[in-house]
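# Observations on the three-dimensional arrangement
Listed below, chain by chain, are the residues.
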Amino acid sequence: MDVHCTTCGEPWDTYHLWHEAVFDTTLPEEEAQAWRSLPQARKLSSRYRAEFRAVGWEFGRTMINVVHCPCCPRDAEAKPELLQAKAELEAMLEDDPDGLAATFEDLDL
Ligand SMILES: [Zn+2]
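This is a predicted model, so every value here is computed, not measured.

Take the coordination of the zinc ion next. Think of it this way: four donors in a tetrahedron around the metal ideally sit 109.5 degrees apart, and six in an octahedron ideally sit 90 or 180 degrees apart. Looking at the zinc ion, the protein donor atoms are Cys5 (SG), Cys8 (SG), Cys69 (SG) and Cys72 (SG), and they sit 2.3 to 2.4 Å from it. What the four donor atoms of the zinc ion show is an angle range of 99 to 120 degrees at the metal, which sorts the shape as tetrahedral. As a motif over one chain, the donors of the zinc ion read C-x2-C-x60-C-x2-C. Taken together, the residues span a long stretch of sequence, with Cys8 in the loop between strand S1 (2-4) and strand S2 (11-13) and Cys72 in the loop between strand S4 (66-68) and helix H5 (80-92) at a distance of 64 residues.

Moving on to H5. Between its terminal C-alpha atoms H5 stretches 19 Å, which fits the 18 Å expected from 13 residues at 1.5 Å a residue. Considered for burial, the residues of H5 that qualify are Lys86, Leu89 and Glu90. End-on view of H5: buried residues confined to an arc of 100 degrees, all on one side of the axis. Along H5, the residues that are exposed and aim more than 90 degrees away from the buried face are Pro80, Glu81 and Met92. Buried-residue contacts for H5 involve S1, S4 and helix H6 (97-106).

Parameters and conventions
- Residues numbered from 1 in each chain as written.
- Predicted model: local features only at pLDDT ≥ 70, side-chain atom pairs only at ≥ 80, totals over all residues.
- Heavy atoms only, no water.
- Donors = N, O, S within 2.8 Å, 3.2 Å for Na, K, Ca; no water.
- Tetrahedral: all angles 85-135°; square planar, octahedral: opposite > 155°, others 65-115°.
- Helix = DSSP H or I, 4+ residues; strand = E, 2+ residues; numbered from the N terminus.
- Expected span 1.5 Å × (residues − 1).
- Buried < 20%, exposed > 50% of the residue type's maximum accessible area, 1.4 Å probe, protein only.
- Arc of directions from axis to C-beta.
- Contact = heavy atoms within 4.5 Å.

Rendered as structure tokens:
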């Protein structure tokens, strides 16, 4: 399933976000592998957010709410109404990542 970056609209495959994007960071291979089996809540700890931010990724509460991605033009800002709509859906479906991904895809978000 594809979801879109809130800032530039680039489509991202949810599998890539859940399993592969971590390898874009400078985390050591072993730690990146270990990250993949962390529970959702720990995948975006402040430490990992900083690692992702350093290579252009910014997420909402979950990995599939892409606020900023490596394809975004420099200094581009997320669209506020889109940001809010996605945050509301994310809050409702926080415990159902597949449902959230399907909803984002259905709504072209
Ligand atoms: Zn982007």
